[in-house]
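# Remarks on the overall topology
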Amino acid sequence: MGVIPWVSWYALRRYSAYPLGSMAEAVTNTFFGVMRASVLLALWHARPGLGGYDAADAVTFSFLTQALIGPVQIFGGMELGQRIRTGDVAIDLHRPVDLQAWWLADDIGRATSTLLLRGVPPMLVGGLLFTLHWPGPGAAAAFAVSVVLAVLLSFALRYLVTLAMFWLHDERGIQAVALVLSLFLSGMIVPLVAFPGGIGDVARALPWSGLVQVPADVYLGHRTGGGLAAALGFQAAWAAGLLAAGRVLTRAAERRLEAQGG
Amino acid sequence: MIEMTDVTKTFTLRRRTGRRLRRERTVVRAVDGVSFSVERGEFLGYLGPNGAGKSTTIKMLTGILTPTSGRVRVAGLDPSRARTALARRIGVVFGQRTTLWWDLPLRDSLTLVRRLYRVEERAYRTRLDELTALLELEPFLATPVRQLSLGQRMRGDLAAALLHDPELLVLDEPTIGLDVVSKATVRGFLARLNAERGTTILLTTHDLGDIERLCRRVMIIDHGRAAFDGDLGALRRAAGADRQLVVELAAPAPPIDLDGVPVITVEGPRQTLRLPDGANAASVVAALAARHEVRDIALRETGIEEIVARLYRGDQEISAPATS
Amino acid sequence: MASADTAPGIAARGTRAVSTYCLLAWTWIRAAAQYPVSITLLALGTALTAGLDVAGIMVLFSRTPRIAGFSAAEVLFLYGTSALAFSVSDILLGTTERLGEHVREGTLDALLVRPVSPLIQIATEDFTPRRFGRIVPPVLVLALAIPRLGVAWTPGRVAMVPLMLASGTVIFGGVWVLCAAVQFVLLNSHGATKALTYGGATLTQYPMTVFARDFVRGVTFVVPLAFVNWEPALYVLGRPDPLNLPGWTRFASPVVGAVVCAVAAVAWRGGLRHYRSTGN
């Protein structure tokens, strides 16, 4: 096994080592799923067919967002931040493995583990309590691709925020801003289809919509044919662009570290 | 100051066995019928291998853990019932982890401790000045605790534990991981604290240097049971540690025949004799020099490391004679 | 110092606990205040994050004038009372959710050798003015929503608003301590008890008519979150109770708060006793 697959595999095992903690998180995710579903049901009761969703779509959306919280780590942060704070990152940069590739591999392992441990329970419970929309084989396959792209996109965004710590005295400010953007513009709090007019259009063009709203649309079968290709292309393009930005920032961080003699 | 009578502490461990989710319960007797008492002003070293029950004893003395059975009294109080009242009268330092706050500068950490113990502002100032001088805290009072070296942090922890002027100081491995200079500072400080202020001190340690340098009395615990309690000399005797005289003669000779001083080994001109308890080394040397042509002579004592190693190997060896 | 060793009355002990809490919190605030700019910005950031829930509610009402029979002003009133009560309880006791971490890392022992309740020590830990950012959105929302409720402000209704805020804070405070106490026994429960704390905060921001009846029964009788603001709000808004509970339940919040706190206190003591008999 090459080192990069090994990093993923190791992260998958590491994040699965305490399944009880993850299951506990899944309880909270499920509870929030029930609440959000109820609120959206009330809205769709008042406005049937809002944004092209029916009531079952809205309920399914609520549980999907909860299932995706873990994999796309909507609340932000990554372990690399701790290593930058302590200066251990200097050791990472001296390894013959690319820093970004290493942490991306780690994040894929983490996302896989949380998808299984924290993603499945909310969907199952949601299916027991409400009428959920279940995808056909085509939509399921497209959804799988979309989730992978969402994880890449989430990593790319968080990597940029984390690397900003090389230049910032106190990183908590940028973390707070990143959190607000990620929660609101991903569709986590209210689906973007329910956003009024222009705000909704802007939100849907920004990368955060690729974290939750786009995978949910794909799951619900609202994107098919050319629309599906456009949706996946949208996620892939943002992911590629932001990962490239991450590479540039990694080089800059290396130079900065060398200049400091650290 | 401390009184422990027949104290036992058992834990139930649940362990996952193998890959399956089945769990196995085992009862561990961390402390198994330990009794001892410490008088005011004593300096007691509490020694034992990892997992012997040292920390559990400390936790029962300070009220963190409730004993399973037996009687504990510290400063006349039952620690498990009067934990907070006791806390005002004792100081506790954990060598492995700090009781200070990572993100706060040391000075702010000490201010918090002052609030916790409600030390009067005036008394606090005097005490802080005193401790700052003795522990040389001045250079890093403004530094956040997370940036302190281990030695600096330990000195900070000592100051925090002593701000309220406790009658008893309990230290759990205070010198673990410290560099030579910090160790010397800490030991010197503890010795002075005990001698000048009369603070009773109990310390657990792995470092026998601590014991040799500081403790008049040693207690050894192993497998939850007290294996030894006495002063250093008694420990040497109990362990069968003896004093040996290594004599280098001018030429190889038959074993030296000296009354009551048996020869242990003969290696060419070098002979090793065992000095019995209470024998006067000077008179033995004089008698030797009168009868033989002696080129060199050396008195050797068994090191405390070796004594303790022997004790740890098994109880039975404590009373058995040394065989070296 | 000597008075601590004699057993003081409950009132004296309570006063002492409060004064110790304030002293410790003040010491933390002073330590944080050395970086005033950073603190102000972070408080703003906290306020912004806390305001997201309002933004969500505003989005809903941009699409419909009523949700589950309630107007925007009424839902914002529920949001404001719930969020203000929760934020204050969070400021005062939110850090108790770190109890499991303290147990795992062995730092709880260091708290137990000090002459102050470990609960107060954990609750005041890292107390920073930044946390006050959280009360900004609910205060603003209440200031805007209350005049738009369109109810006849009888003295009873006027008095009910501060009373429900106080009881809501007490109930949430009890829930924080209860959830912390569970962590003494179930070290990994923190992820799940968040459903009660943060989940409870979100739940009470909406009218209970949004939720299924059995769900509402659960949060009325099992974990009495409905008494944080829902029951008293029905009185303030002059609405009938969809669960048809007797009229006095509208005024039961203070009593419920006292009961929750009593349960939490018993649980905390039990948890601490468990820890002290098993160690870690």
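Residues numbered from 1 in each chain as written. Chains lettered and ligands numbered in written order. Predicted model: local features only at pLDDT ≥ 70, side-chain atom pairs only at ≥ 80, totals over all residues. Heavy atoms only, no water.

Quick look at the interface of chain A and chain C now. Listed as interface residues are 34 residues of chain A and, on the opposing side, 31 residues of chain C. Joining chain A to chain C, the criterion identifies one salt bridge. For A:Glu25, the salt bridge goes to C:Lys194, with nearest N and O atoms at 3.2 Å. Joining chain A to chain C, the criterion identifies eight residue pairs in polar contact (both at pLDDT 80 or more). Elements that contribute at least two residues to the side of chain A that touches chain C include exactly α2 (19-46) and α8 (172-185) of chain A. If you tally residues by element for the side of chain A that touches chain C, the top one is α2(A), at 17 residues. (Contact = heavy atoms within 4.5 Å. Salt bridge = Lys/Arg side-chain N within 4 Å of Asp/Glu carboxyl O. Polar contact = N/O pair within 3.5 Å; in protein donor to acceptor, adjacent residues only side chain to side chain. Helix = DSSP H or I, 4+ residues; strand = E, 2+ residues; numbered from the N terminus.)

All names here are of chain B. Phi is positive for Arg118, close to 50°, though the residue is something other than glycine. Along the chain, Arg118 falls in the loop between α3 (106-117) and α4 (121-135). The class for Arg118 is partly exposed, based on a relative accessible area of 28%. (Buried < 20%, exposed > 50% of the residue type's maximum accessible area, 1.4 Å probe, protein only.)

On to the packing of aromatic side chains, then. Geometrically, a pair of aromatic rings is defined through the distance of the ring centres and the angle of the planes. Taken as a whole and judged by the stated rule, the model has 22 aromatic pairs over all chains. Taken together, a centroid distance of 5.2 Å and an interplanar angle of 45° make the contact between A:Phe184 and A:Phe195 tilted. A residue pair is termed long-range when its members are at least 10 positions apart, and A:Phe184 in helix α8 and A:Phe195 in the loop between α8 and α9 (197-205) qualify at 11 residues. Among the residues examined, A:Phe184 registers a relative accessible area of 15% and is labelled buried. Take A:Phe195: its relative accessible area is 2%, and that puts it in the buried class. Grouping aromatic residues by their ring pairs yields a cluster made of C:Phe86, C:Phe172, C:Trp176 and C:Tyr198. Directly above the ring of C:Phe70 sits C:Arg239, whose terminal nitrogen or CZ lies 3.9 Å from the centroid. (Phe/Tyr/Trp six-rings, centres within 6.5 Å; stacked < 30°, edge-to-face > 60°. Lys NZ or Arg CZ within 6 Å of the ring centre and 35° of its normal.)

This part takes up the domain arrangement of chain B. For chain B, the domain assignment lists domain 1 (2-236) and domain 2 (242-301). The straight-line distance from the C-alpha centre of domain 1 of chain B to that of domain 2 of chain B is 45 Å. (Domains from an automatic or database assignment.)

Listed per partner, the contact involves 35 residues of chain C and 30 residues of chain B. For the chain C and chain B pair, buried surface summed over both sides reaches about 3,000 Å², with 56% attributable to carbon and sulfur atoms. Taken together, chain C and chain B are joined by two salt bridges. We note a salt bridge from B:Lys59 to C:Asp109, for which the minimum N-O separation is 3.2 Å. Our enumeration of links across chain C and chain B arrives at 13 residue pairs in polar contact (both at pLDDT 80 or more). Looking at the side of chain C that touches chain B, the elements that each hand over two or more residues are α1 (10-32), α5 (108-112), α6 (118-124) and α12 (253-278) of chain C. No other element matches α1(C), which puts 10 residues into the side of chain C that touches chain B. (Buried area = accessible area lost by both parts, 1.4 Å probe.)

All names here are of chain B. Judged by pairing direction, the sheet is mixed, and its six strands sit side by side in the order β5-β6-β7-β3-β8-β9 without closing on themselves. Of all strands in the sheet, those bounded by a partner on one side alone are β5 (90-94) and β9 (225-231). Taken pair by pair, the neighbouring strands of this sheet meet at an average axis angle of 15°, ignoring direction. Pairing of strand β3 (residues 43-47) with strand β8 (residues 217-222) involves four bridges; the strand directions are parallel. Residue pairing in the sheet places Leu47 in a bridge with Ile220 of β8. (Pairing = 2+ DSSP bridges. Axes fitted to C-alpha atoms, helices over the stretch in contact; angles between N-to-C directions.)

Checked against the element boundaries, B:Arg83 lands in helix α2 (residues 83-87). Among buried Asp, Glu, Lys and Arg side chains, B:Arg83 stands out as unpaired, with C:Asp109 the closest opposite charge at 9.6 Å. The contact partners of B:Arg83, leaving out residues within four places of it in the chain, are B:Thr62, B:Gly63, C:Leu112, C:Arg114, C:Pro118, C:Leu272 and C:Arg276. (Lys, Arg positive; Asp, Glu negative; His and termini not counted.)

Here the focus is the nonpolar core. Ranked by internal contacts, the top residues of the largest apolar core, which has 238 residues, are B:Phe36, B:Leu158, B:Leu169 and B:Leu190. Here this core takes 13 residues from helix α8 (residues 155-185) of chain C, the largest share from any one element. Not counting residues within four places of it along the chain, the set of residues in contact with B:Leu158 comprises B:Val93, B:Leu135, B:Leu169, B:Leu171, B:Val186, B:Phe189 and B:Leu190. Counting residues in hydrophobic clusters, the runner-up holds 11 residues, among them B:Val247, B:Leu249, B:Val284 and B:Leu288. (Core = buried A, V, L, I, M, F, W, Y, C linked by side-chain atoms within 4.5 Å.)

Right, let's get into a nonpolar patch on the surface. Together, A:Met1, A:Val3, A:Ile4, A:Trp6, A:Trp9 and A:Tyr10 make up a nonpolar patch on the protein surface, roughly 650 Å² of accessible area in all. Assessed through its relative accessible area of 40%, A:Trp6 is described here as partly exposed. (Patch = residues over 30% accessible without salt bridge, like charges linked within 9 Å, V, L, I, M, F, W, Y side chains within 5 Å. Areas by Shrake-Rupley, 256 points an atom, 1.4 Å probe, with all protein chains shown as cover.)

Of all two pairs of chains in contact, the one with the most contacts involves chains B and C. Nowhere do chain A and chain B come into contact; their C-alpha atoms are at least 10 Å apart.

The side chains of a regular strand alternate, residue by residue, between the two faces of the sheet. Residues and elements named next belong to chain B. Judged from the six bridges that link them, strand β10 (residues 243-249) and strand β12 (residues 270-275) form a sheet pairing that is antiparallel. Bridged to Val246 within β12 is Thr272. Bridge count for strand β11 (residues 263-267) against β12 is four bridges, and the pairing is antiparallel. Among the inter-strand pairings, Thr265 is bridged to a residue of β12, identified as Thr272. Between β11 and β12, which pair antiparallel and follow one another directly, the connecting turn spans two residues, one of which, Gly268, has a positive phi of 60°.

All names here are of chain C. Scanning the entire structure with this criterion turns up zero disulfides over all chains. The closest cysteine sulfur to the non-disulfide-bonded Cys22 is located on Cys261, 17 Å from its own sulfur. Given a relative accessible area of 44%, Cys22 falls into the partly exposed group. (Disulfide = S-S within 2.5 Å.)

On to the pattern of salt bridges. Per the counting criterion, the structure on display carries 42 salt bridges over all chains. The partner of B:Arg73 in a salt bridge is B:Asp78, with the nearest N and O atoms 3.9 Å apart. Residue C:Arg239 pairs with C:Glu74 through a salt bridge whose shortest N-O separation is 3.0 Å. Remark: C:Glu74 occurs in helix α3 (residues 72-93) and C:Arg239 occurs in the loop between α11 (230-237) and α12; sequence separation between them is 165 residues. Classification of C:Glu74 as buried rests on a relative accessible area of 9%. Connected through salt bridges with shared partners, the residues A:Asp98, A:Arg247, A:Arg251 and A:Glu254 form a single ionic network.

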